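Descriptive analysis of the structure
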Amino acid sequence: MAKIVEIAEEHLWDSICGESDDPFPVRSKDDVLHEDYDPALHHPVFCGYLCAKVDTYEDAAADFDPATSHPACVGYVLIDIPKKHVKRKCDEAPDPQTCEPSDYLQYYIFPLLVPALTEVLRQAKIENCFVRKRTKFNCADFLTEYLYKNNPNYNDRQDVTLWDIPFVKEWLKDHTRVALPKSLLWSDEEACIVIQSFWRGYKVRCQPEIQELRRWQWDWKEENRGIRLQVNEFWNKRMPNYHSAIDSDENISSTIIQ
């Protein structure tokens, strides 16, 4: 049997996934990170690698090339043994320029990103994103604004909105957004008020008295269409020099003023 060399260490991301229904299994302390080579079970070519048997429906040796691999590797997958992870003290932050990617995520990314994602989920619940198929809530906008306002290097961003962020302004200059429809902007109360007011107006317009009044208004507009032109023609016939006299008086007054 191959012996256990190292036990997997539990990271912050593992504890986060353990609280949700993650489809990927969470590592526990009983899981083996890698196994040492055992000459009783493996060929010497496996020494220094992690190996796993791969079951396939096709013949694994059909595409085997002896010039690039060893015959003992047929049906197996080999990967390099990961480097031994040195557990760091809780109060000791690694150097962000030289640390491992897992350490960088655990010490510099997750402490800021996890609270932001928590706020995104809380706001999404308020916006009924888990109930409706379409809402006005944009999680990317909310996350951008939250991370910008809660940057630990700045203390004067609490009153800044998304549209006041400099890089957001620069982006929107070349990428104009389409206005959201009213169905997403209105709340349930506002939508109910608009629908009810339209329905009440429709029911009122259907009443016989209102229909008669609307027909009279329409006939009156048709009869008096172009009434200003008719009045001007009437006075031109009665007083043909009236408008010319007014125009001349206006020209004289404007000349005197100049």
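All of the points below concern the structure found in this document. A quick note: this is a predicted structure, and the numbers were derived from the prediction, not measured. (Residues numbered from 1 in each chain as written. Predicted model: local features only at pLDDT ≥ 70, side-chain atom pairs only at ≥ 80, totals over all residues. Heavy atoms only, no water.)

As for the overall build of the protein
Our working rule: Each helix is a run of DSSP H or I of at least 4 residues and each strand a run of E of at least 2, with the numbering of both proceeding from the N terminus. The buried label applies to any residue whose accessible area, calculated with a 1.4 Å probe on protein chains only, is under 20% of its type's maximum; exposed applies above 50%, and partly exposed to all values in between. Every residue pair with non-hydrogen atoms within 4.5 Å of one another is taken to be in contact. Surface accessibility in these figures is a Shrake-Rupley result with a 1.4 Å probe; residues are shielded only by whichever protein chains are displayed.
Across its full length, the protein holds nine helices and two strands. Ordering the α and β elements of the protein from the N terminus gives α-β-β-α-α-α-α-α-α-α-α. Burial analysis of the protein (258 residues in total) assigns 11% to the buried set. When contacts within the protein are restricted to residue pairs at least 6 apart in sequence, long-range pairs at least 24 apart make up 44% of them. If you sum the accessible surface of the protein, you get close to 21,800 Å²; carbon and sulfur atoms cover 56% of it.

What to know about the pattern of salt bridges
Spelled out, the test is: Here, a salt bridge means any Lys or Arg side-chain nitrogen found within 4 Å of an Asp or Glu carboxyl oxygen.
Scanning all chains against the criterion turns up five salt bridges. Linking Asp 141 and Arg 177 is a salt bridge whose minimum nitrogen-to-oxygen distance equals 2.6 Å. In this pair, Asp 141 is assigned in helix α3 (residues 139–149) and Arg 177 in the loop between α4 (166–174) and α5 (182–185), connecting sequence segments 36 residues apart. Residue class for Asp 141 comes out buried when judged on its relative accessible area of 15%. By relative accessible area, which is 44% here, Arg 177 ends up partly exposed.

Quick look at a nonpolar patch on the surface
To keep things clear, this is the line we draw: Excluding any residue in a salt bridge, patches collect residues exceeding 30% relative accessible area, merging like charges within 9 Å and nonpolar Val, Leu, Ile, Met, Phe, Trp and Tyr side chains within 5 Å.
Side chains of Ile 227, Val 231, Phe 234, Trp 235 and Met 239 sit close together on the surface and give an oily, nonpolar patch of about 440 Å² of accessible area. You can see Val 231 is positioned in helix α8 (residues 227–238). In this structure Val 231 comes out as partly exposed when scored by relative accessible area, which is 37%.

Structural notes on the nonpolar core
Using the following cut-off: Put simply, buried Ala, Val, Leu, Ile, Met, Phe, Trp, Tyr and Cys residues joined by side-chain atoms within 4.5 Å make one nonpolar core.
Membership of the largest hydrophobic core is limited to five residues, which are Tyr 148, Val 160, Leu 162, Ile 165 and Val 168. Excluding anything up to four places from it in sequence, Leu 162 contacts Asp 141, Thr 144, Glu 145 and Val 168.

Thoughts on the layout of surface pockets
Rules: With a 1 Å grid spanning the protein atoms alone, the term cavity applies to any set of points in which a 1.4 Å probe fits but cannot get out, the term pocket to an open set with protein on both sides within 12 Å along at least five of seven lines, and the term lining residue to any residue with an atom within 4 Å of a point. Grid points are joined across faces, edges and corners, and a volume is the space filled by probe spheres set on the points. All amino acids are sorted into three groups, where Ala, Val, Leu, Ile, Met, Phe, Trp, Tyr, Cys and Pro are nonpolar, Asp, Glu, Lys and Arg are charged, and the leftover types, Gly among them, are polar.
When its volume is computed, the second largest pocket comes out at roughly 370 Å³. Ranked by the residues each element gives to the lining of the second largest pocket, the list is headed by α3, at three residues. Of the residues contributing to the lining of the second largest pocket, the split by class is six nonpolar, four polar and five charged.

Some thoughts on the packing of aromatic side chains
How two aromatic rings sit relative to each other is given by the distance of their centres and the angle of their planes. Counted only if it meets this: Between 30 and 60 degrees the pair is tilted, below 30 it is stacked and above 60 it is edge-to-face, where a pair is any two Phe, Tyr or Trp rings, Trp via its six-membered ring, whose centres lie within 6.5 Å.
Scanning the model with the defined rule gives four aromatic pairs in all. With 6.2 Å between their ring centres and 70° between their planes, Tyr 148 and Phe 167 make a pair best called edge-to-face. Taken together, the positions of Tyr 148 in helix α3 and Phe 167 in helix α4 put the pair 19 residues apart, joining distant regions of the chain. Judged by relative accessible area, Tyr 148 falls into the buried class, the value being 17%.

Quick look at the side chain of Arg 157
Note the following rule: Two residue types count as positive, namely Lys and Arg, and two as negative, namely Asp and Glu; His and chain ends fall outside the count. In protein, a polar contact means a hydrogen-donor-capable atom and an acceptor-capable atom, both N or O and within 3.5 Å, with residues adjacent in sequence counting only if both atoms are side-chain atoms; elsewhere, any N or O pair within 3.5 Å suffices.
Along the polypeptide, Arg 157 turns up in the loop between α3 and α4. Nearest to the buried, unbridged Arg 157 among oppositely charged side chains is Asp 156, at 4.8 Å. Within the structure, Arg 157 has its side chain in polar contact with the backbone oxygen of Tyr 148 (distance 3.3 Å). Setting aside anything within four residues of it in sequence, one finds Arg 157 in contact with Tyr 148, Lys 149 and Asn 151.

Some words on the packing of helix α2 (residues 101–126) against α3
The condition that has to hold: With axes taken as lines fitted to C-alpha atoms, and helix axes fitted only over the stretch in contact, angles between N-to-C directions fall between 0 and 180 degrees. Should an angle fall under 35 degrees it is called roughly parallel, over 145 degrees roughly antiparallel, and 65 to 115 degrees roughly perpendicular, with every other angle called oblique. Should the near helix be turned anticlockwise from the far one by less than a right angle, the crossing is termed left-handed; should it be turned clockwise, right-handed.
Relative to each other, α2 and α3 sit at 135°, their axes nearing to 10 Å. Taken together, α2 and α3 sit at an angle that is classed as oblique. Crossing of α2 over α3 shows right-handed handedness. For the pair α2 and α3, contact is made by Leu 112, Pro 115, Ala 116, Leu 117, Glu 119, Val 120 and Gln 123 and by Cys 139, Phe 142, Leu 143, Tyr 146 and Leu 147, respectively. Looking at side-chain class alone, the contact of α2 with α3 contains ten nonpolar, one polar and one charged residues.

Re unusual backbone geometry
With phi around 60°, Asn 128 is a residue other than glycine that occupies positive phi space. Locating Asn 128 in the fold gives a position in the loop between α2 and α3.

Considering the state of the cysteines
Spelled out, the test is: By disulfide we mean two sulfur atoms from cysteines, separated by a distance within 2.5 Å.
Considering all chains together, one arrives at zero disulfides under this definition. Counting only cysteine sulfurs, Cys 139 is the nearest neighbor of Cys 129, a cysteine outside any disulfide, at a range of 8.1 Å.

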